[in-house]
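# Working through the structure, step by step
Below, each chain spelled out in residue letters.
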Amino acid sequence: MNIAIMASGGDCSGMNPATKRFVEYSIQNGITPYFIYEGLEGLIDGKIKKAAFTDVSGIIYRGGTIIRSSRSKKFYEKKYRQIAYENLKKHSINTVIVLGGDGSFRAFEIFSNEFGINFIGIPATIDNDIYGTEYCLGVDTALNIIRGAVDDIRDTASSFNRAFVIETMGRECGYLALITALTSGAEMCLIPEASYNLDSLKKKFLKQIDEGRRYFIAIVSEGLKISEEIKEWFENEIGFESRLTVLGHIQRGGNPTVFDRLTAFEFVTSALDLALKGEKNKIVVYRNSKFESIDSKIVTTNRYKIDEKLIELAKEMME
Ligand code: F6P
């Protein structure tokens, strides 16, 4: 049995431990492991290679992904999917483990329907925005990188009378901003999934300044596209000199946390067990403290929603 692994879309920490487990658990189970380098683009370009345990030694602590990734527009054209199929056929690969987001799973559903290539998806994105799973690989590392950055910014913030607006990634999903705000002692948290009220925040903040507050930390999700506006708001409405820090791609780097190393192992073990059982087009999900699998269609046709209870916890920072 020949099985390949690939990363697709934004990389995240945890992909290397996942790749290591993939090779080692495959070999233990008599599977021949293959790497597809550079995601869907690499699949079209035939960048496929048999993997050995020597390829994955010394990678467990490294962020990013040694098999690299890509975002591909070409794969949405059938003629390129045909080439991708021929490339897999050359190596007798009929199952692919896909580390990625729901866009990648959707692309593989189309591919699978056309050419019968089976895939097992592992949710891997710092955005934590995939339906059906409470956790996506890479989120814990990203949150810890953000925590470190916010703690560092607090050092300088607390030395001045200033407001610091910190923008986190996540696309349309405010999970990173929400968890960061809850765990970093922020005064403000703005995310796409929740309404906010700047007038009532202003009243609260002005009162706090009277009572002795000397700096503010505001966490704003990139999906809202208002970080610059909030910085101006602190200057004009609150009367505090302010600075904006867009954390950007540092959030995708960093060596994987213990949690991400462990979940990588669990995700991949479940994925290969499913492949060995002949299961088709499944996504491994983590919920209620367990790794399970659900049909890919369920994941790709539903929209992820942040747990309302978490939003409720942060209400004080929104209005
Ligand atoms: O999906 C992961 C992510 O890091 C998002 O949080 C962010 O908006 C986007 O990718 C950045 O994309 P790129 O790496 O293409 O600039």
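Owing to the predicted nature of the structure, the values given are computational and were not obtained by experimental measurement.

### Some details on the domain arrangement of the protein chain
What the domain assignment lists for the protein chain is domain 1 (2-138 + 256-304) and domain 2 (140-252). For domain 1 and domain 2, the distance between their C-alpha centroids amounts to 34 Å. In this assembly, 17 residues from domain 1 lie in contact with 13 residues from domain 2. Between domain 1 and domain 2, roughly 1,200 Å² of surface is buried when both sides are summed, and carbon and sulfur atoms account for 50% of that area. Contact with domain 2 buries area across many residues of domain 1, yet Ile126, Asp127 and Thr257 alone supply 43% of it, more than any other trio. For the pair domain 1 and domain 2, the interface holds two salt bridges. Residue arginine 252 pairs with aspartate 11 through a salt bridge whose shortest N-O separation is 3.1 Å.

### Some points on the site of the ligand
Surrounding the ligand, one finds Arg71, Ile126, Asp127, Met169, Gly170, Arg171, Glu222, His249 and Arg252. Contact distances for the ligand include 2.6 Å between an oxygen atom and a side-chain N or O atom of aspartate 127. In the model, an oxygen atom of the ligand is placed 3.0 Å from a nitrogen or oxygen of the glycine 170 main chain. Starting from 400 Å² of accessible surface for the ligand in isolation, the protein chains cover 74%. In this structure the site holding the ligand corresponds to the largest pocket.

### As for the packing of helix α7 (residues 198-210) against helix α8 (residues 227-238)
Running from N to C, α7 and α8 point in directions that differ by 55°, and their axes come no closer than 11 Å. Here α7 lies oblique to α8, going by the angle between them. Crossing angle aside, the handedness with which α7 passes α8 is right-handed. Each of Leu198, Leu201, Lys202, Phe205, Leu206 and Ile209 in α7 lies in contact with α8, whose residues at this interface are Ile230, Trp233, Phe234, Glu237 and Ile238. Broken down by class, the residue content of the contact of α7 with α8 amounts to nine nonpolar, no polar and two charged.

### A few points about the layout of surface pockets
Roughly 890 Å³ of volume is contained in the largest pocket. Forming the walls of the largest pocket are 39 residues, and the residues nearest its centre are Asp102, Gly103, Asp127, Asp129 and Arg171. Those elements that place two or more of their residues in the lining of the largest pocket are α4 (102-115) and α11 (308-313). At five residues, α4 tops the list of elements feeding residues into the lining of the largest pocket. Here the lining of the largest pocket is built from residues that sort into twelve nonpolar, 13 polar and 14 charged. Mapped onto the domain boundaries, the lining of the largest pocket takes at least three residues apiece from domain 1 (2-138 + 256-304) and domain 2 (140-252). Taken as a whole, the second largest pocket holds about 170 Å³ of empty space. Around the second largest pocket sit Tyr131, Gly132, Thr133, Glu134, Tyr175, Arg303, Tyr304, Lys305, Ile306, Asp307 and Leu310, which together line it. Tallied by class, residues from the lining of the second largest pocket come to five nonpolar, two polar and four charged.

### Notes on the sheet that holds strand β8 (residues 216-221)
Reading across from one edge, β7-β8-β6-β9 is the order of the four strands in this open sheet, with parallel pairing throughout. The sheet terminates laterally at β7 (188-190) and β9 (241-246), the two strands that pair on one side only. Between one strand axis and the next, the sheet turns through 15° on average, direction left out of account. Relative to β8, strand β6 (residues 162-168) runs parallel, the two being bridged by six bridges. Bridge pairing links valine 165 to alanine 218 in β8. Lying over the sheet, helix α5 (residues 139-157) contacts β6, β8 and β9, oriented at roughly 165° with respect to β6.

### Things to note about helix α9 (residues 258-276)
With 19 residues, α9 extends 27 Å between its outermost C-alpha atoms, agreeing within 8% with the 27 Å of an ideal straight helix rising 1.5 Å per residue. For α9, the full list of buried residues reads Asp260, Thr263, Ala264, Phe267, Val268, Thr269, Ser270, Ala271, Leu272, Leu274 and Ala275. Count one or two residues on from α9 and you reach glycine 278, which has phi positive near 80°.

The rules we used
- Every chain is numbered independently, its residues counted from 1 as its sequence is written.
- In view of the model being predicted, local features appear only for residues whose pLDDT reaches at least 70, and side-chain atom pairs are presented and counted only at 80 or more, with totals across whole chains, interfaces and linings using the full set of residues.
- Side-chain numbers come from the whole structure's heavy atoms, not from hydrogens or water.
- Each domain's extent was defined by an automatic or database domain assignment.
- By the convention used here, residues are in contact when the closest approach between their heavy atoms is within 4.5 Å.
- Here's the idea: put two parts together, see how much 1.4 Å probe accessible area each one loses, and the total over both is what we call buried area.
- Any Lys or Arg side-chain nitrogen located within 4 Å of an Asp or Glu carboxyl oxygen qualifies as a salt bridge.
- Being near a molecule or strand, for a residue, comes down to having at least one heavy atom within 4 Å of it.
- What qualifies as a polar contact is a pair of N or O atoms within 3.5 Å, subject to a donor-acceptor requirement within protein and to the restriction that residues adjacent in sequence count only when both atoms come from side chains.
- To be clear on the numbers: accessible area is Shrake-Rupley with a 1.4 Å probe, and residue cover counts the displayed protein chains and nothing else.
- Cavity: a set of points on a 1 Å grid over the protein atoms alone where a 1.4 Å probe fits but cannot get out. Pocket: an open set with protein on both sides within 12 Å along at least five of seven lines, its lining residues, like those of a cavity, having an atom within 4 Å of a point.
- The rule for placing a molecule in a cavity or pocket is simple: more than half of its atoms must lie within 2 Å of the grid points.
- Here an axis means a line fitted to C-alpha atoms, over the contact stretch when the element is a helix, while the angle between two N-to-C directions is reported on a 0 to 180 degree scale.
- Only DSSP runs of H or I reaching four residues or more are called helices, and only runs of E reaching two or more are called strands; each is numbered from the N terminus.
- The cut-offs work like this: below 35 degrees is roughly parallel, past 145 is roughly antiparallel, 65 to 115 is roughly perpendicular, and the gaps in between are oblique.
- When the near helix sits turned anticlockwise from the far one by under a right angle, the crossing is termed left-handed; a clockwise turn instead gives a right-handed crossing.
- Each residue is assigned to one class: nonpolar for Ala, Val, Leu, Ile, Met, Phe, Trp, Tyr, Cys and Pro, charged for Asp, Glu, Lys and Arg, and polar for all the others, Gly among them.
- Grid points are joined across faces, edges and corners, and a volume is the space filled by probe spheres set on the points.
- Paired strands, in this sense, are two strands between which DSSP finds at least two bridges.
- Given a helix with a known number of residues, its expected span is that number minus one, times 1.5 Å.
- Type-normalised accessible area, obtained with a 1.4 Å probe on protein chains alone, sets the label of each residue: buried when under 20%, exposed when over 50%, and partly exposed for intermediate values.

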